Amino acid sequence: MTIVSSAQPWWQAATIYQIYPRSFADANGDGVGDLNGIADRLDYLVDLGIDTIWISPIFPSPMADFGYDVADYTGIDPRFGTLADFDALLAKAHARGLRILLDFVPNHSSNQHAWFQQSRTSRDDPKRDWYIWRDPAPDGGPPNNWISDFGSPAWTYDAATGQYYSRAFLPEQPDLNWRNPAVRAAMLDAMRFWFDRGVDGFRLDVLWHIVKHAGFPDNPPNPDYHPGMGEMHRVHQLHSTDQPEVHVIAAEMRELADRYGAVLVGEIYLPVPKLMTYYGSADLPGVHLPFNFQLIEARWNAADLAARIVEYEAALPPGGWPNWVLGNHDRPRIATRVGPAQARVAAMLLLTLRGTPTLYQGDELGLPDARIPTDRVQDPRELREPGLGLGRDPVRTPLPWDAAGGFTIGEPWLPVDPAHLPLNVAAQAADPASMLALYRRLLALRRATPPLATGAIDTVTASGDVLRYDRSDGTTRYRILLNLGDTPVPVPVPVPVGTVGAVLTTDPSGTADPHLLRPAEGVIVKVS
Ligand code: GLC
């Protein structure tokens, strides 16, 4: 495991790998990945060099949003296995020094959850107020102008009781009412259930959504809206998200997690100053790691990246620990966003910045977005707003383990893009010039090198196409030089003879040129 000082919490030196369980490995041949599939492949993750796994939701679910519609917060969906399978996976992971984070979905349950089934039976039901019910507007329409993140009004009419329920995502995902103390208690109990089984933390789905303005005012229109952005952008989500009360709830979750030495990672898509409020304060601590999506939002050039790194580092509250994310199951893959050559530079960037990195399944193979034939589309977002490029199936296809696929002996739930097959794990594991080999080298170096894992960062600068920064722990200093362009750049790297040199390059040749950075080459140099 990573070397850390005893004062440093484990998750600060951790490297997180996100597993999308439907598509990681299928042990029972039904075409959908499962917990036993993950358990069978743990050695792959150990060899890769990560130490913490975040598994997207595995709870019982009708799968309207592929697990992000939870019908029971304390069970395992039979498609993924059983509670016993989960316990076995956790034990096997812990025995290998791997920690496991589950994906908790607090904003909404499934409409098939027993709580919602009960809530919708009558206006007087004791569970009525566990969800957010409002009368229709005077014209009979939705109570206000809020729009679902997947398009269409964020309200669904329920004829049985003549009211609308709030749902920030699909009609099958009714929003829980976190202003109700009974909901809070029940959800914290669910978290406790998993902590007691030994899970090491949670990723908290759409944390900034969970409390809505108590008066339900209309959201302000977005003057920059144009069709093609996705209908959700018609309005700014001023009143439907990011309400001050969310921080009180985050603090309750934090207090619970801290009792178990566990970590909370919050999914929050907000500008940096707002994002920082999710760290909380000394009085009201927030999540340990509010996900930092700056590398997903960045334009891929040295100036923009440098500006974002500097802005983010400067904005961190006292004691706030940074984190970086290159991709996830919702966003286009890095290899497609920046191309295969720059994806190698991105790997070095992710694994040499200060802070806990999160790496998405398949990015370690340099997979591009998969092509999905129209008749195989599964993602509800794509089905509801087709053709805008918002669909998420292209980043959710099965991991190619070998030249024949190797994910399942059955028919995979999403097709494997033939273009992914040559990038399979077995082929890359045997090729020292591969992306997988680069990830392994970077992760091994990071693990063995405290300044890279947890040291300070300084001198973040962009000069032309080159992004540069140093990492140091006071005694040893490493310089990272990344060529974001496609032309060679002569770079004067101070190299005191005999003591230093390029310890690692992204160049497939494996050796750096002492005089220049090649196109799309990144190097880590020990400078003192
Ligand atoms: C988060 C998840 C996404 C899901 C949505 C609703 O953004 O990452 O996959 O569809 O929340 O739960």
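Calculation rules
- Residues numbered from 1 in each chain as written.
- Predicted model: local features only at pLDDT ≥ 70, side-chain atom pairs only at ≥ 80, totals over all residues.
- Heavy atoms only, no water.
- Near = heavy atom within 4 Å.
- Polar contact = N/O pair within 3.5 Å; in protein donor to acceptor, adjacent residues only side chain to side chain.
- Areas by Shrake-Rupley, 256 points an atom, 1.4 Å probe, with all protein chains shown as cover.
- Nonpolar A, V, L, I, M, F, W, Y, C, P; charged D, E, K, R; others polar.
- Pairing = 2+ DSSP bridges.
- Helix = DSSP H or I, 4+ residues; strand = E, 2+ residues; numbered from the N terminus.
- Contact = heavy atoms within 4.5 Å.
- Axes fitted to C-alpha atoms, helices over the stretch in contact; angles between N-to-C directions.
- Buried < 20%, exposed > 50% of the residue type's maximum accessible area, 1.4 Å probe, protein only.
- Parallel < 35°, antiparallel > 145°, perpendicular 65-115°, else oblique.
- Domains from an automatic or database assignment.
- Buried area = accessible area lost by both parts, 1.4 Å probe.
- Salt bridge = Lys/Arg side-chain N within 4 Å of Asp/Glu carboxyl O.
- Core = buried A, V, L, I, M, F, W, Y, C linked by side-chain atoms within 4.5 Å.
- Phe/Tyr/Trp six-rings, centres within 6.5 Å; stacked < 30°, edge-to-face > 60°.
- Lys NZ or Arg CZ within 6 Å of the ring centre and 35° of its normal.
- Left-handed = near helix turned anticlockwise from the far one by under 90°.

J.: Could you clarify how one ought to interpret the site of the ligand in this entry?
T.: In the vicinity of the ligand lie 14 residues, with D65, D205, E267, D330 and R392 positioned nearest. One of the side-chain nitrogen or oxygen atoms of R203 is found 2.9 Å away from an oxygen atom of the ligand. The separation between an oxygen atom of the ligand and a polar side-chain atom of R396 is 3.4 Å. When the ligand is considered free in solution it has 310 Å² of accessible area, and contact with the protein chains removes 96% of it. Tallied by class, the residues present in the shell around the ligand amount to four nonpolar, three polar and seven charged.

J.: Explain the sheet that holds strand β9 (residues 289–290) here, please?
T.: Neighbouring strands of a sheet are bound in pairs by backbone hydrogen bonds; such pairs are parallel or else antiparallel. The eight strands lie next to each other as β9-β8-β7-β3-β2-β1-β11-β10, forming an open sheet whose pairing is parallel. Edge positions in the sheet fall to β9 and β10 (323–325), since each has one partner strand and no second. Against the sheet, helix α3 (residues 83–95) contacts β2 (52–55) and β3 (99–104), and its axis sits at roughly 140 degrees relative to β3. Sheet contacts for helix α11 (residues 340–352): β10 and β11 (356–360); angle to β11, the most-contacted strand, approximately 145 degrees.

J.: Can you walk me through the side chain of R396 in this structure?
T.: Tracing the chain through its elements places R396 in the loop between α12 (380–384) and α13 (425–429). Overall, the relative accessible area of 1% leaves R396 in the buried class. Not counting residues within four places of it along the chain, the set of residues in contact with R396 comprises Y20, S23, F66, H329, D330, Y360, D379, W413 and L414.

J.: Whenever I open this one, the pairing of strand β13 (residues 466–472) confuses me. Can you help?
T.: Across a regular strand the side chains alternate sides, sitting on one face of the sheet and then on the other. Most of β13 is tucked away, with six of its seven residues classed as buried. Bridge analysis of strand β12 (residues 456–463) against β13 gives six bridges, and the strand direction is antiparallel. Looking at the pairing, I457 lines up with R471 of β13. Between the end of β12 and the start of β13, which pair antiparallel, lie two residues, with G464 showing a positive phi angle near 60 degrees. Taken together, the seven bridges between β13 and strand β14 (residues 477–483) define a ladder with antiparallel strand orientation. Looking across to β14, one finds that S472 is bridged to R477. Taken together, β13 and the strand that follows it, β14, pair antiparallel across an intervening segment of four residues, in which G474 is found at a positive phi of about 100 degrees.

J.: Just to check I follow, could you spell out the packing of α3 against helix α5 (residues 181–197) for this structure?
T.: For the pair α3 and α5, interaxial distance at closest approach is 11 Å and the crossing angle is 50 degrees. Relative to α5, the element α3 is oriented oblique. For the pair formed by α3 and α5, the contact residues are L83, F86, D87 and L90 on the first element and F193, W194 and R197 on the second. Among the residues forming the contact of α3 with α5, the class breakdown is five nonpolar, no polar and two charged.

J.: Where do I start with the domain arrangement of the chain in this structure?
T.: When its domains are assigned, the chain resolves into domain 1 (10–109 + 181–442), domain 2 (114–166) and domain 3 (456–527). Distance between the C-alpha centres of domain 1 and domain 3: 30 Å. Each side of the interface is counted separately: domain 1 has 22 residues, and domain 3 has 26 residues. Both faces considered, domain 1 and domain 3 share a buried interface measuring about 1800 Å² in area, 74% of it formed by carbon and sulfur atoms. The largest contributions to the domain 1 side of the interface with domain 3 come from A302, M348 and T352, which together make up 29% of the buried area. Counting the contacts that link domain 1 with domain 3 gives zero salt bridges. Inspection of the region where domain 1 meets domain 3 yields six residue pairs in polar contact (both at pLDDT 80 or more). Residues of the side of domain 1 that touches domain 3, tallied by class, amount to 15 nonpolar, three polar and four charged.

J.: I keep staring at the nonpolar core and nothing clicks. Help me out?
T.: A general trend in soluble globular proteins is that nonpolar side chains are found buried together. Core analysis: the biggest nonpolar cluster contains 147 residues, and Y17, F24, L45, M191, F202, L349 and L467 have the highest contact counts within it. F24 has contacts with Y17, I19, I38, R41, Y44, L45, Q361, L399, W401 and F407, leaving out every residue within four places of it along the chain. Counting eight residues, the second largest nonpolar core, distinct from the first, contains L481, V489, V491 and V527.

J.: I keep staring at the pairing of strand β6 (residues 163–166) and nothing clicks. Help me out?
T.: Side chains Q163 and Y165 project from β6 onto one buried face, and the interleaved Y164 and S166 project onto a second face that is buried too. Sheet topology places strand β4 (residues 133–134) next to β6; two bridges connect them, and they run antiparallel. Note on β6: the bridge partner recorded for R134 is Y164. Strand direction decides the pairing type here: strand β5 (residues 155–158) and β6, joined by four bridges, are antiparallel. When the sheet's bridge partners are listed, W155 is paired in β6 with S166. If you look at the hairpin formed by β5 and β6, you'll find four residues sitting between the two strands, and G162 has a positive phi there, around 70 degrees.

J.: What should I look at first to understand the packing of aromatic side chains in this one?
T.: The relation between two aromatic rings is expressed through the spacing of the ring centres and the mutual angle of the planes. Counted under the stated rule, the structure contains 27 aromatic pairs. One Lys or Arg, R128, reaches over the ring of W133 and ends 3.7 Å from the middle of that ring. Above the ring of W321, the side-chain terminus of R354 is found at 5.4 Å from the ring centroid.

J.: How should the packing of α5 against helix α6 (residues 246–259) be read in this particular structure?
T.: When two helices pack together, their arrangement is given by the angle between the helix axes and by the axis-to-axis distance. Two numbers describe how α5 lies on α6: the axes approach to 10 Å, and their chain directions differ by 30 degrees. Judged on the interaxial angle alone, α6 and α5 are roughly parallel. You can see that α5 and α6 cross each other, and the crossing is right-handed. Contacts from R184, L188, M191, R192 and F195 of α5 reach α6 at V248, I249, E252, M253, L256 and A257. Taken together, the residues of the contact of α5 with α6 sort by class into eight nonpolar, no polar and three charged.

J.: How should I be thinking about unusual backbone geometry in this particular structure?
T.: Working note: non-glycine residues mostly have negative phi, and peptide bonds are mostly trans. Located in the positive-phi region is F66, a residue other than glycine, with phi close to 50 degrees. Mapping F66 onto the fold places it in the loop between β2 and α3. Of note in this structure, A520 is not a glycine but carries a positive phi near 50 degrees. For A520, the location among the structural elements is in the loop between β17 (516–517) and β18 (522–526).

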